[in-house]
Amino acid sequence: MTPTSWFHTCLHARTLGVARRCVAAVLIAVLPLFALAQSAAQPLPVLTLSVLQFGTSHWELDHLKRHHLDKSNGFELKVRLVADLPASRLALSSGSVDGAVSDLLWAQARYEAGTPFRYVAFSSQIGELLVNDGSDIRTLADLRGKRIGVAGGPDGLGWQLLQQVATGQGVDLAREATVQYAAPPLLSQALRRGQVDALLTFWHFSARMRGEGGVRTAFRLADLVSTLDLDSDLPVLGYLFADSWASEHGALLRGFASALRQTKDQLAAEPDHWQAIRPLMRADDEAVFAALRDSFVEGIPQPLGEARITALHRLLELTGARPAKLMPAALFQSEP
């Protein structure tokens, strides 16, 4: 029965009980329409993020949008896909988007250059050192005289940390090993062809290679971090937002942080959600799919507190940041 016919029924109701039921039915039918009209009159604020088309942040943002976690937290998320990291950083720096994912070292470098960014934790996954099955490399000392492929360049967080830990064990990798820098896909091929003996690469490349088989993890960088007396669950990747923008859009940023936590909790607790994300993962093989999914979940960081921000500061100092120029604690966005 339509609202109009219910209305006519109410007009001709002969008992109080029938009239009350009629009024209730009309309200049930009309109130959602009224709510829609109100929301149309007052559109939700829009948050625009620059995202790598096949980047891992796209996975969780797709889930966030699919389950309307943006709207339930008071905003509308718009994703702008880009081809590579430099394009994403350019979009963020130019102000053509509100936020983008980058690493802690880049955020620190921008702060030292006078451009502070608010930091919302994304992942604690740093990367891994891979070797081929059958390799005799099992300790950092075993890397002496070996050829190491390094993804991310000489200033990358993974390489900086690996050198720090190795130095503490009396191994100078820059001098005692042959280091080759290149793009991750090229280095992945080089390891399989035996052109390098070990590969330090980003976590999603290592997870994919492990899923394909023929390689093993010699060291997880998160485990090496613990040898520096640091929490291994430090969010070294984050969503960055210009601090000036964040100060003007505090409620919007808090809504995003809340939606992000709900997303991560759902992806960790309910594996079935990953089937909808799978096309973005380019993982036809079951083993590759499982390795990527499990590695993502392993990298979900705990909420930032004072102690963990202090640990992030120490991590920045270990990788060369000046103590007097560290990103202040206020730039690390806490969750609602």
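Residues numbered from 1 in each chain as written. Predicted model: local features only at pLDDT ≥ 70, side-chain atom pairs only at ≥ 80, totals over all residues. Heavy atoms only, no water.

(A) Inspection of the packing of aromatic side chains at higher detail. Applying the stated rule across the entire model yields 13 aromatic pairs. Ring centres 6.3 Å apart and planes at 75° place the aromatic pair F75 and F256 in the edge-to-face group. Taken together, the residues F75 in the loop between α3 (56-66) and β2 (76-82) and F256 in helix α12 (residues 250-269) connect sequence positions 181 residues apart. Judged by relative accessible area, which is 0%, F256 ranks as buried. Pairing F241 with F256 gives two aromatic rings, centres 5.8 Å apart and planes at 70°, and the pair type is edge-to-face. (Phe/Tyr/Trp six-rings, centres within 6.5 Å; stacked < 30°, edge-to-face > 60°. Helix = DSSP H or I, 4+ residues; strand = E, 2+ residues; numbered from the N terminus. Buried < 20%, exposed > 50% of the residue type's maximum accessible area, 1.4 Å probe, protein only.)

(B) Summary view of the sheet that holds β2. Strand order in the open sheet formed by five strands is β2-β1-β3-β10-β4, and the pairing between neighbours is mixed. The open sheet has two edge strands, β2 and β4 (117-123), and neither has a second partner. Neighbour-to-neighbour, the strand axes of the sheet open up by a mean angle of 35°, direction not taken into account. Across five bridges, the pairing between strand β3 (residues 99-103) and strand β10 (residues 237-242) is antiparallel. From the neighbouring strand, V101 faces β10, where its bridge partner is Y239. (Pairing = 2+ DSSP bridges. Axes fitted to C-alpha atoms, helices over the stretch in contact; angles between N-to-C directions.)

(C) Layout of the packing of α3 against helix α13 (residues 274-281). Contact pair α3 / α13: the axes reach a minimum separation of 9 Å and the direction vectors enclose 135°. Relative to α13, the element α3 lies oblique. The hand of the α3/α13 crossing is right-handed. Only W274, A276, I277, L280 and M281 of α13 make contact with α3, whose side of the interface consists of H58, W59, D62, H63 and R66. Across the contact of α3 with α13, the residue classes break down as six nonpolar, two polar and two charged. (Parallel < 35°, antiparallel > 145°, perpendicular 65-115°, else oblique. Left-handed = near helix turned anticlockwise from the far one by under 90°. Contact = heavy atoms within 4.5 Å. Nonpolar A, V, L, I, M, F, W, Y, C, P; charged D, E, K, R; others polar.)

(D) Molecular detail of empty space enclosed by the protein. In total, this model carries one cavity of 30 Å³ or more according to the counting rule given. Estimated volume of the largest cavity: approximately 120 Å³. Lining the largest cavity, in full, are V120, A121, A257, L260, R261, K264, P301, P303, L304, Q333, S334 and E335. For the lining of the largest cavity, the elements supplying multiple residues, two or more each, are β4 and α12. (1 Å grid on protein atoms, 1.4 Å probe; cavity = no way out; pocket = protein on both sides within 12 Å on 5 of 7 lines; lining within 4 Å. Points joined across faces, edges and corners; volume = space filled by probe spheres on them.)

(E) Representation of the sheet that holds strand β5 (residues 128-132) in the model. Spatially, five strands are ordered β7-β6-β8-β5-β9 in an open sheet, and the strand pairing comes out mixed. Strands with a single pairing partner mark the edges of an open sheet, and in this sheet they are β7 (178-182) and β9 (215-220). With strand direction ignored, the average angle separating the axes of adjacent strands in the sheet is 25°. One ladder, built from five bridges, connects strand β6 (residues 147-151) with β7; its direction is parallel. When the sheet's bridge partners are listed, G149 is paired in β7 with Q180. Helix-sheet contacts for helix α8 (residues 184-192) involve β5, β6, β7, β8 (198-201) and β9, and the interaxial angle to β8 is about 160°.

(F) Molecular detail of the pairing of β6. Buried residues dominate β6, accounting for four of its five residues. Of the strand pairs in this sheet, β6 and β8 are connected by three bridges, and their pairing is parallel. When the sheet's bridge partners are listed, I148 is paired in β8 with A198.

(G) Geometry of the nonpolar core. Counting 87 residues, the largest nonpolar core has Y239 and F256 as the members making the most contacts within it. Both domains that furnish three or more residues to this core are identified here as domain 1 (46-123 + 233-331) and domain 2 (127-227). With residues near it in sequence (within four places) discarded, F256 still touches L47, L49, L61, F75, V120, Y239 and F241. With nine residues, the next largest nonpolar core counts A151, L187, L199 and V215 among its residues. (Core = buried A, V, L, I, M, F, W, Y, C linked by side-chain atoms within 4.5 Å. Domains from an automatic or database assignment.)

(H) Spatial organisation of the packing of α8 against helix α9 (residues 203-212). Across the interface, α8 lies against α9 with an axial gap of 11 Å and an inter-helix angle of 35°. Handedness of the crossing formed by α8 with α9: right-handed. Across from P184, P185, S188, L191 and R192 in α8, the residues of α9 making contact are F205, M209 and E212. Here the residues of the contact of α8 with α9 sort into five nonpolar, one polar and two charged.

(I) Region of the structure containing helix α6 (residues 157-168). Between the first and last C-alpha of α6 there are 17 Å, a value that for twelve residues agrees with the 16 Å anticipated at 1.5 Å per step. Those residues of α6 that sit buried are L157, G158, W159, Q160, L161, L162, V165 and A166. Just downstream of α6, G170 is the residue with a positive phi angle, here 80°. (Expected span 1.5 Å × (residues − 1).)

Everything listed is a geometric property; what it means functionally is a separate question.
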